[in-house]
Amino acid sequence: MTVDLTAVQLPLAWQEELYKDLHAHPELSMQETETLADITRRLDEMGYDTITVGGGVVGVLANGDGPTVLTRADFDALPVAEDTGLDYMSTVEGVMHACGHDMHVTCALGVAALLGEHRDAWRGTYLALFQPGEETAAGAASMVADGLVDKVPRPDVCLGQHVMGMPAGQVYIAPGAVMATGDSITVTVFGVGSHGSMPHFGVDPVLLASAIVMRLQTIVSRVIAPGDFGVVTVGSLHAGTKANVIGDRAVLELNVRAYHPEVRQKLLASIEQIVRAECAASGSPREPTFEYHDIFPPTNNDDALTATVRSALEAALGSDNVKTMPPATGSEDFSRIPDAFGVPYCFWTWGGFPEGEPPVANHNPRFAPVIHPTIESGTRALLAASLACLRGAR
C-alpha cells in the first residue's frame, strides 16, 4: 500500500533542531565547508548516493523506471550582523542567514528523507541538489563548471523555492518571468588631482561621478519603453581622501535588474554610453573601466510545469494559500542548473512571517522566519511538487 506523503505529519522530529543549528552556524558564499559536510552526511545516512560537485552536493536516489526530478536548495549566508535576539541567533560575528537559506536546506532535507523512507509512494529518480554561493552568483555556475551535467542523471524537470518576508503558510507561484536578471558593475572614472583651493588645475572626479549618478537615473525613465521593467541603482560611490584634496579617481558600484535580455542589454549599453560621455565632457585623462560581477540570469518558469506544480500545491496546502506570484525584482542563480541540462523548471516562493505584522525583507539583520509553520509549509510544498513530477506519486 502506497503512502500519501502530502498527509504526513510535519515537521519531522529533527527538522527544528537542524534549522536552529544551521541558523546559529552560518558560512559565507563559497566557504561553506561545514554546512556541505553536514548535508552530505545526512544524505548518506538517508541512503542516497552522494556526488560532490563544485562546492555543492547532489544526492541521487534511483527508485525504478520513471521520470528524473531535481530539486535545488542553496546553503550560503551573508556578511550581515544579526539583530534578531533569538536564542539560536548566529554565533559567527558579522555573518548570518539573512536570506533564509537555512530554511531551504531544512525543508529540502525533509523531502529527501520522506522520499527515501517511502519509496513505495513514487517511481523514478530523485536528485536532491544542494548548492553553495547563491548570494554571489558563483555557486550554480561552479557546479556546472565542475561537470554537473556529466556527473548526475539528466533530470526531466528542475524545481526550487525561496522563503520570503510574506505571510507564513502561503505560497506564491506564476508562469513566465518571475525573477529579474542581476548585474553588478564596478565603474572607475579618472580625474586629475589638485589642491582643493585650485580646482582649475585638476579634473574633479567627485563632480564627474555626481554627474554620472544623476544622468544614470534617466535610463529607466527615458531610454527603455514605459512598459518595460528595469532598475539602475548606484549603491556605492567612493572618491577622495580629504576635504582640501581633489583626488584622481572615483569608484561607483552599480546594480542593474531586468526581466528580459534585450532590456538588460539596453540598460548596460546605456550605462557605458553615459559614463563615457560624461568622462569626455569633463576632460577625463583616461577611459573609464567597467568590471562586471555577480551576474544573475533571469528566472522564467515553464508554463506547463508551473500549471502542474500549482495544482499540486493547491491540493497539498489549500487553494486559498496558493497565490499568484508577482514578478520579483530580486534575482536567483537557480536557472543556471536547468539551463545547463536544457530542461524546464519551476521556481516559487513561500512566506515565513506572521500575517498582519510588518514584513521584514530578505538581507535585513532582523530577517528570521518563524519556525512554525514555515518548515511545515516549505517541506510540504516541495514534497507535493516533487511527487507531482514523479511517476506513481499519489
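Above: the structure in question.
Residues numbered from 1 in each chain as written. Predicted model: local features only at pLDDT ≥ 70, side-chain atom pairs only at ≥ 80, totals over all residues. Heavy atoms only, no water.

Caption draft 1: Representation of the nonpolar core in the model. One finds L43, L115, F130 and W348 to be the most contacted residues of the largest nonpolar core, which totals 61 residues. With ten residues, the top contributor of residues to this core is helix α3 (residues 101–117). Apart from the residues within four sequence positions on either side, W348 is in contact with L159, G160, Q161, H162, V171, Y172, I173, V309, M325, A381, L382 and A385. Core analysis: the second largest hydrophobic core is formed by 24 residues, V187, I271, I274 and F290 among them. (Core = buried A, V, L, I, M, F, W, Y, C linked by side-chain atoms within 4.5 Å. Buried < 20%, exposed > 50% of the residue type's maximum accessible area, 1.4 Å probe, protein only. Helix = DSSP H or I, 4+ residues; strand = E, 2+ residues; numbered from the N terminus. Contact = heavy atoms within 4.5 Å.)

Caption draft 2: A look at helix α8 (residues 261–282). Counted at 1.5 Å a residue, the expected span for α8 with its 22 residues is 32 Å, and the 32 Å between its end C-alpha atoms agrees. The complete set of buried residues in α8 reads V263, R264, L267, L268, S270, I271, I274, V275, E278 and C279. Buried residues of α8, seen end-on, are gathered within an arc of 160° and therefore sit on one face of the element. Exposed residues on α8 whose side chains face more than 90 degrees from its buried face are P261, E262, Q273, A280 and A281. (Expected span 1.5 Å × (residues − 1). Arc of directions from axis to C-beta.)

Caption draft 3: How the structure looks around the packing of helix α1 (residues 15–24) against α3. For the pair α1 and α3, interaxial distance at closest approach is 9 Å and the crossing angle is 150°. Between α1 and α3, the interaxial angle falls into the category roughly antiparallel. Here the hand of the crossing between α1 and α3 comes out right-handed. Facing Q15, L18, Y19, L22 and H23 of α1, the residues of α3 in contact are D102, M103, V105, T106, C107, L109 and G110. For the contact of α1 with α3, a count of residues per class yields seven nonpolar, four polar and one charged. (Axes fitted to C-alpha atoms, helices over the stretch in contact; angles between N-to-C directions. Parallel < 35°, antiparallel > 145°, perpendicular 65-115°, else oblique. Left-handed = near helix turned anticlockwise from the far one by under 90°. Nonpolar A, V, L, I, M, F, W, Y, C, P; charged D, E, K, R; others polar.)

Caption draft 4: Region of the structure containing the layout of surface pockets. Of the voids in this model, the largest pocket is the one considered here, and its volume is about 610 Å³. As for the largest pocket, its lining consists of 27 residues, and the residues nearest its centre are E135, R257, G330, S331 and H363. Secondary-structure elements contributing two or more residues to the lining of the largest pocket are β5 (157–167), β8 (181–190), β12 (249–258) and β13 (289–296). Along the lines of polarity and charge, the residues of the lining of the largest pocket split into ten nonpolar, eleven polar and six charged. (1 Å grid on protein atoms, 1.4 Å probe; cavity = no way out; pocket = protein on both sides within 12 Å on 5 of 7 lines; lining within 4 Å. Points joined across faces, edges and corners; volume = space filled by probe spheres on them.)

Caption draft 5: Summary view of the pattern of salt bridges. Within the structure shown, the criterion is met by 13 salt bridges. Here D38 makes a salt bridge to R42, at a shortest N to O gap of 3.2 Å. Placement of both D38 and R42 in helix α2 (residues 33–45) is noted, with a separation of four residues, approximately one turn of the helix. A salt bridge links D183 to R264; the nearest nitrogen and oxygen atoms lie 2.7 Å apart. Here D183, found in strand β8, pairs with R264, found in helix α8; they are 81 residues apart in sequence, far enough to count as distant. By the burial criterion, D183 is buried, and R264 matches it. Overlapping salt bridges, with partners in common, bring together D38, R41, R42 and E45 in one network. (Salt bridge = Lys/Arg side-chain N within 4 Å of Asp/Glu carboxyl O.)

Caption draft 6: Molecular detail of the pairing of strand β1 (residues 49–53). Pairing of β1 with strand β2 (residues 56–63) involves five bridges; the strand directions are antiparallel. Counted as the bridge partner of T50 is G59 from β2. Counting the residues in the hairpin turn of β1 and β2 gives two residues, including G54, whose phi is positive at 50°. (Pairing = 2+ DSSP bridges.)

Caption draft 7: Summary view of helix α9 (residues 303–317). Spanning 15 residues, α9 covers 21 Å between terminal C-alpha atoms, matching the ideal 21 Å at 1.5 Å per step. Within the span of α9, buried status applies to L305, T306, V309, A312, L313, A316 and L317. The arc that holds every buried residue of α9, seen down its axis, measures 125°, which confines them to one face. The exposed set on the far side of α9, more than 90 degrees from its buried face, consists of D303, A304 and A315. With a side-chain oxygen positioned 3.3 Å from the backbone nitrogen of A304, the residue opening α9 is D302. Within two residues after α9, G318 carries a phi angle of roughly 95°, on the positive side. (Polar contact = N/O pair within 3.5 Å; in protein donor to acceptor, adjacent residues only side chain to side chain.)

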